[in-house]
Amino acid sequence: MESEMRQGLAGAPAREAVETRKADKYIWAIYIALLVVSVVELYSASSREVQASNVFAPLLRHGKMLVLGAGITIGLSRLKFKWIIGMTPFFALVSLLIGVYVFFNGQIINGARRSMNLMGIQLQSAELLKLAVVLFIAYIMTRKIGNGQRVNNVGLIFSAGYVLICGGLLVTQGLTNTLLLMGVSFAMMLIAGVDLRRILLVFVCYMAAAGVYMGFKGDKDEETAAETTAIMTTGKDLSGKEVTHARQSTWMARIDRWMGNDSIKKYDPEYKIDAKNRQEMYSYFAQANGGIHGVLPGNSRETARLPLAFSDYIFAIIVEDWGFIGGMALLVLYLCLLGRAGVIAARCSHVFPALLVMGMAVMIVLQALFHMAIVTGVFPVSGQPLPMISKGGTSIIATSIAFGLMLAVSRFASQSNKRKEIIAAAQELPDDMDAANPGKIN
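Note on numbering: residues in each chain are counted from 1, in written sequence order. Whole-chain, interface and lining totals are the exception, using all residues; otherwise, since this is a predicted model, local features are given only for residues with pLDDT of at least 70 and side-chain atom pairs are given and counted only at 80 or more. To get the side-chain values, all heavy atoms of the structure are used, and hydrogens and water are removed first.

Q: Is there a simple way to think about the nonpolar core in this case?
A: Here is a general trend for soluble globular proteins: nonpolar side chains tend to be buried in one another's company. Here the nonpolar core consists of buried residues drawn from Ala, Val, Leu, Ile, Met, Phe, Trp, Tyr and Cys, with membership extended through side-chain atoms lying within 4.5 Å. Buried, partly exposed and exposed residues are distinguished by accessible area as a fraction of the type maximum, computed with a 1.4 Å probe on protein chains only: under 20%, between the cut-offs, and over 50%, respectively. With 110 residues, the main nonpolar core has L330 and M360 as its most contacted residues. Numbered from the N terminus, helices here are DSSP runs of H or I no shorter than four residues, and strands are runs of E no shorter than two. Broken down by element, this core gets its largest block of residues, 17 residues, from helix 14 (residues 351-375). Any two residues having at least one pair of non-hydrogen atoms within 4.5 Å are treated as being in contact. Setting aside anything within four residues of it in sequence, one finds M360 in contact with L131, V134, L135, A402, L405 and M406. By size, the runner-up hydrophobic cluster in this structure holds five residues, among which are I98, M116, L123 and L128.

Q: What am I meant to see in the pairing of strand 2 (residues 112-118) here?
A: Put simply, side chains in a regular strand alternate between the two faces of the sheet. The element strand 2 is largely enclosed, with a buried count of five among its seven residues. Where strand 2 and strand 3 (residues 121-124) come together, four bridges link them in antiparallel fashion. Note that in strand 3 the partner of L118 across the bridge is I121. Strands pair, by our definition, only if DSSP identifies at least two bridges between them.

Q: Mind showing me how you'd approach the packing of aromatic side chains here?
A: Paired rings are identified among Phe, Tyr and Trp, the last through its six-membered ring, by centres lying within 6.5 Å, and are further divided according to the angle between planes into stacked (under 30 degrees), edge-to-face (over 60) and tilted (the rest). Counting across every chain of the model gives nine aromatic pairs. Judged by centre distance (5.8 Å) and plane angle (75°), the ring pair of W28 and Y31 falls under edge-to-face. Linking W28 with Y31, this pair stays in helix 2 (residues 25-44), spanning three residues, or about one helical turn. Judged by relative accessible area, which is 2%, Y31 ranks as buried. Between F136 and Y162, the aromatic rings sit 4.2 Å apart at their centres with planes inclined by 20°, giving stacked as the arrangement. Here Y162 lies in helix 6 (residues 153-170) and F136 lies in helix 5 (residues 125-143), a separation of 26 residues in the sequence. On the basis of relative accessibility, which here comes to 7%, the residue Y162 falls in the buried class. The criterion is that NZ of a Lys, or CZ of an Arg, lies within 6 Å of the ring centre and within 35 degrees of the ring normal, and then a charge sits over that ring. A cation over an aromatic ring shows up here: K391 above the ring of F310, its NZ or CZ 5.2 Å from the ring centre.

Q: Could you clarify how one ought to interpret the pattern of salt bridges in this entry?
A: Pairing is possible between side chains of opposite charge, provided their charged atoms come close. Here, a salt bridge means any side-chain nitrogen of Lys or Arg that lies within 4 Å of a carboxyl oxygen of Asp or Glu. In the structure shown here, the tally under the stated rule is five salt bridges. Among the ionic contacts, a cluster of salt bridges with common partners joins R301, E302 and R305.

Q: What's the story with unusual backbone geometry in this structure? I'm lost.
A: Outside of glycine, negative phi angles account for most residues, and trans bonds account for most peptide bonds. Unlike most non-glycine residues, L296 shows phi in positive territory, near 75°. Tracing the backbone shows L296 in the loop between helix 12 (278-290) and helix 13 (314-347). Overall, L296 belongs to the partly exposed group, its relative accessible area being 43%. Not every positive phi belongs to a glycine, and M388 is a case in point at roughly 75°. Among the secondary structure elements, M388 is positioned in the loop between helix 14 and helix 15 (393-412).

Q: Any chance you could explain the sheet that holds strand 2 here in plain terms?
A: In any sheet, the strands associate via hydrogen bonds between backbone groups, in a parallel or an antiparallel arrangement. Sheet architecture is open: three strands sit in the order 1-2-3, paired in antiparallel fashion. Both outer strands of the open sheet, strand 1 (107-109) and strand 3, are each paired with one neighbouring strand and no more. Strand after strand, the sheet turns through a mean of 45° between neighbouring axes, direction not considered. Between the N-to-C directions of two axes lies an angle of 0 to 180 degrees, each axis being a line fitted to C-alpha atoms and, for a helix, fitted only over the stretch in contact. The strands touched by helix 4 (residues 81-105) are strand 1, strand 2 and strand 3; relative to strand 2, the strand with the most contacts, the crossing angle is about 120°.

Q: When you look at the packing of helix 5 against helix 14 in this model, what are you seeing that I'm missing?
A: Where helix 5 meets helix 14, the closest approach of the two axes is 9 Å, and the angle between their N-to-C directions is 155°. In terms of orientation, helix 5 lies roughly antiparallel with respect to helix 14. In this structure, helix 5 meets helix 14 at a crossing whose hand is right-handed. Where helix 5 approaches helix 14, its residues E127, K130, L131, V134, L135, A138, Y139, M141 and T142 are matched on the opposing element by V351, F352, L355, L356, G359, M360, M363 and Q367. Lys, Arg, Asp and Glu make up the charged group, whereas Ala, Val, Leu, Ile, Met, Phe, Trp, Tyr, Cys and Pro make up the nonpolar group; the residues left over, Gly among them, are polar. Split by residue class, the contact of helix 5 with helix 14 holds 12 nonpolar, three polar and two charged. Here is the rule for angles: anything less than 35 degrees is roughly parallel, anything more than 145 is roughly antiparallel, 65 through 115 is roughly perpendicular, and the remaining ranges are oblique. Rotating anticlockwise by less than a right angle from the far helix to the near helix defines a left-handed crossing, while the corresponding clockwise rotation defines a right-handed one.

Q: Could you clarify how one ought to interpret the environment of A436 in this entry?
A: In this fold, A436 is placed in the segment after helix 16 (419-426). Sequence-wise, A436 and C348 are 88 residues apart; in three dimensions their C-alpha atoms are separated by 8.7 Å.

Q: Looking at this model, I keep getting lost on a nonpolar patch on the surface. Mind explaining?
A: Together, I32, V36, V39, V40, L296 and W322 make up an exposed nonpolar region whose accessible area comes to about 490 Å². Take the nonpolar patch: its biggest share by element is four residues, from helix 2. Relative to the assigned elements, I32 resides in helix 2. For I32, a relative accessible area of 47% gives the class partly exposed. Nonpolar side chains (Val, Leu, Ile, Met, Phe, Trp, Tyr) are joined into patches within 5 Å and like charges within 9 Å, using only residues with over 30% relative accessible area and no salt bridge. For the area figures, the Shrake-Rupley method with a 1.4 Å probe applies, and any residue is considered shielded solely by the protein chains shown.

Q: Hey, could you run me through the side chain of R114 in this one?
A: Relative to the helices and strands, R114 resides in strand 2. Within 3.5 Å is the distance limit for a polar contact, defined as a pair of N or O atoms, with the added protein rule that one can donate a hydrogen and the other accept it, and that residues adjacent in sequence qualify only through two side-chain atoms. At 2.9 Å, the side chain of R114 and the backbone oxygen of Q173 are in polar contact. Once you skip the residues sitting within four places of it in the chain, R114 turns out to touch V102, Q107, I109, L123, Q124, S125 and Q173.

Keep in mind these values describe shape, not function.
Encoded structure:
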């Protein structure tokens, strides 16, 4: 008891110093820069939604979501770890239940069940599950670190199992969401100090689960261009049957088109544009029109005919507006976020904040890289919003939550070697979650 009292007295000044510390200015700068890009490019890419009576309607709707997201970011940046930890199991469970509901009864968008309506708010299950995976892995792995400062097998099994369940719920919406969850989990395992042999074993389990799913699905039907158009616009095939999930044949057709002869033919000026390839072809036109320095916002030629220019293909409009230079600058901005999160994680004395800040950063940056790779033709076509920039309420809220949690880590995590600060920070964590950060750099 006396020892605890001494620790409490010794930690009080340090705790006050930690609480008065400001959130990381570099992460704030990146967040604000993305907000500015989002406002400019959403307006530039929304010509399809502009109404004659109110040309600012799309921007106003998007602006409301950005303001709401900013409020969430500011609020979460002041949240202490005990509250984050306390809410994690509840958030992980609720997100999983929403994912299950959407999987079976969600609203059909582009041929797959992707969202649900809750009190007038449309929730995208994919965005919630991405956040839930990061929080759950940070929570479980921190609790399951033994005396040897290694994540035990139970923690690894629970983490991989949750990823597989979430990935299974999202796989019908497109492969990139499932791949993103797996990539985030591998990154967090490395940060937690899991040895490569066990990470490889998890990878084998993921691949085995994917093989079982592909074999079970066994859909060999081929889609015609007309059928693809019908599914995209009405959610039903040509026979009028409701299509509830994206089909395996769609994935395979996209991969074949990306890897096969079409990947060469699409550079032919006489290559035919149809319902299957018009998104990617018009996005290539937009990027080519941008050139090195771009045509500047408001002068886009392709935004009027590029489907989903304001969401899944907004990077094409960014490159058209600002050229190759602007596209590379945005890529560097996202990578700077990852680098800054790495610096903060390396300074954290405890593993939970280190896992949390890196997990959120990896989630945002990996999603951005997937979006850019799809738009530029490096990856097969698949829907993936550009974090903080693409139109979409749930995506903006989820990214804002991620930024808020990263800022909270930068504010409250002990990032020095001072014993008093380390003790004070440990007192904000439960006894079974105060494990030291194995990747801390002194």
